[in-house]
Amino acid sequence: MSYRLTLEEFNALRDKTGESIKKIRKSPVESKAKAQLELIFMALKLDVAREYKFHEKRKWKFDYALETIKVAVEYEGLPLRVEKSRHTTIQGFCGDCEKYSEAAILGWCVIRVNAISMESGLAHDLIKRAVDSRRISHIEVAERCQDGNVSSVPCPAHTQRSAGSGLSALRL
């Protein structure tokens, strides 16, 4: 399913909900894309944290995050001119790889979007699918807890040591 909003639809929904979208200082294409991203969060009724710090030791932040289900959305700006940006330098690209790898190790699902995926509707589809899959997993774990502990992390009653490996596995 594709989900695209015109600027007029976005403004109508923003005016109707009374939500204010902070001003974006980038190009008009990125401004529209980020505004559409905010609108997708509103349409999906997602209360996202902005600039969410996810790592204890590093100062890494996600652009948007749903902490309870560990879904993050990173908006990757694409340079419209031949300008350098963090995402187009080797050092920046390698830094992003490390950041996203550490996020995965910590259990985060990171959805990376850009102006093109916003325009095509792909960003909406990816965000919705990620949130839906995490909500389903979160509910299944919560329903299986026998000790009343409801969290996104399996309770001790549902984990067991694998023989010799030292890894925990969820008993189903």
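Residues numbered from 1 in each chain as written. Predicted model: local features only at pLDDT ≥ 70, side-chain atom pairs only at ≥ 80, totals over all residues. Heavy atoms only, no water.

Now for the overall build of the chain. Secondary structure summary: the chain contains five helices and six strands in total. Written out in order from the N terminus, the α and β elements of the chain read α-α-β-β-β-α-β-α-α-β-β. Burial analysis of the chain (172 residues in total) assigns 33% to the buried set. When the accessible surface of the chain is split by element, carbon and sulfur atoms take 54% of a total near 11400 Å². (Helix = DSSP H or I, 4+ residues; strand = E, 2+ residues; numbered from the N terminus. Buried < 20%, exposed > 50% of the residue type's maximum accessible area, 1.4 Å probe, protein only. Areas by Shrake-Rupley, 256 points an atom, 1.4 Å probe, with all protein chains shown as cover.)

For the structure on display, the rule yields five salt bridges. Residue E76 pairs with R112 through a salt bridge whose shortest N-O separation is 3.0 Å. Of this pair, E76 sits in the loop between β3 (71–75) and α3 (90–105) while R112 sits in strand β4 (residues 109–113); the two residues are 36 residues apart in sequence, bridging distant segments of the chain. Across the pair D132 and K128 runs a salt bridge whose closest N-O atoms are separated by 2.9 Å. Highlighted residues: D132 and K128, both in helix α5 (residues 122–144), separated by four residues, approximately one helical turn. Under the relative-accessibility criterion, D132 is labelled partly exposed at 29%. By relative accessible area, which is 33% here, K128 ends up partly exposed. (Salt bridge = Lys/Arg side-chain N within 4 Å of Asp/Glu carboxyl O.)

Quick look at the packing of aromatic side chains now. In this description, an aromatic ring pair is defined by two values, namely the gap between the centres and the angle between the planes. Tallied over the full model, the rule gives five aromatic pairs. Aromatic side chains F41 and Y64 sit 4.9 Å apart centroid to centroid with 55 degrees between the ring planes, which places their arrangement in the tilted category. Of this pair, F41 sits in helix α2 (residues 28–43) while Y64 sits in strand β2 (residues 61–66), placing them 23 residues apart in sequence. For the residue pair F41 and Y64, the accessibility class agrees, reading buried in each case. With a centroid separation of 6.1 Å and an interplanar angle of 10 degrees, the aromatic rings of F54 and W60 are classed as stacked. Each of the two residues, F54 as well as W60, counts as buried. A network of ring pairs unites the aromatic residues Y52, F54, W60, F62 and W108 as a single cluster. (Phe/Tyr/Trp six-rings, centres within 6.5 Å; stacked < 30°, edge-to-face > 60°.)

Another point: the sheet that holds β2. The four strands are arranged β1-β2-β3-β4 in an open sheet whose pairing can be described as mixed. Since the sheet does not close on itself, it has two edges, and those belong to β1 (49–53) and β4, each with one partner. The average angle at which neighbouring strand axes cross in this sheet is 40 degrees, direction not considered. In this sheet, β4 lies alongside β3 in parallel orientation, the contact comprising five bridges. The residue of β4 that forms the bridge with A72 is V110. (Pairing = 2+ DSSP bridges. Axes fitted to C-alpha atoms, helices over the stretch in contact; angles between N-to-C directions.)

This next bit is on the confidence of the model for the chain. Within the chain, residue pLDDT values average 73, and 55% of them lie at 70 or more. In this model residues 19–26 is a low-confidence stretch, pLDDT under 50, and it forms 10 contacts with partners more than four residues away in sequence or in other chains. Here residues 151–172 is modelled with pLDDT under 50, and outside its nearest four sequence neighbours on either side it reaches 33 contacts, counting other chains as well. (pLDDT = per-residue confidence, 0-100. Contact = heavy atoms within 4.5 Å.)

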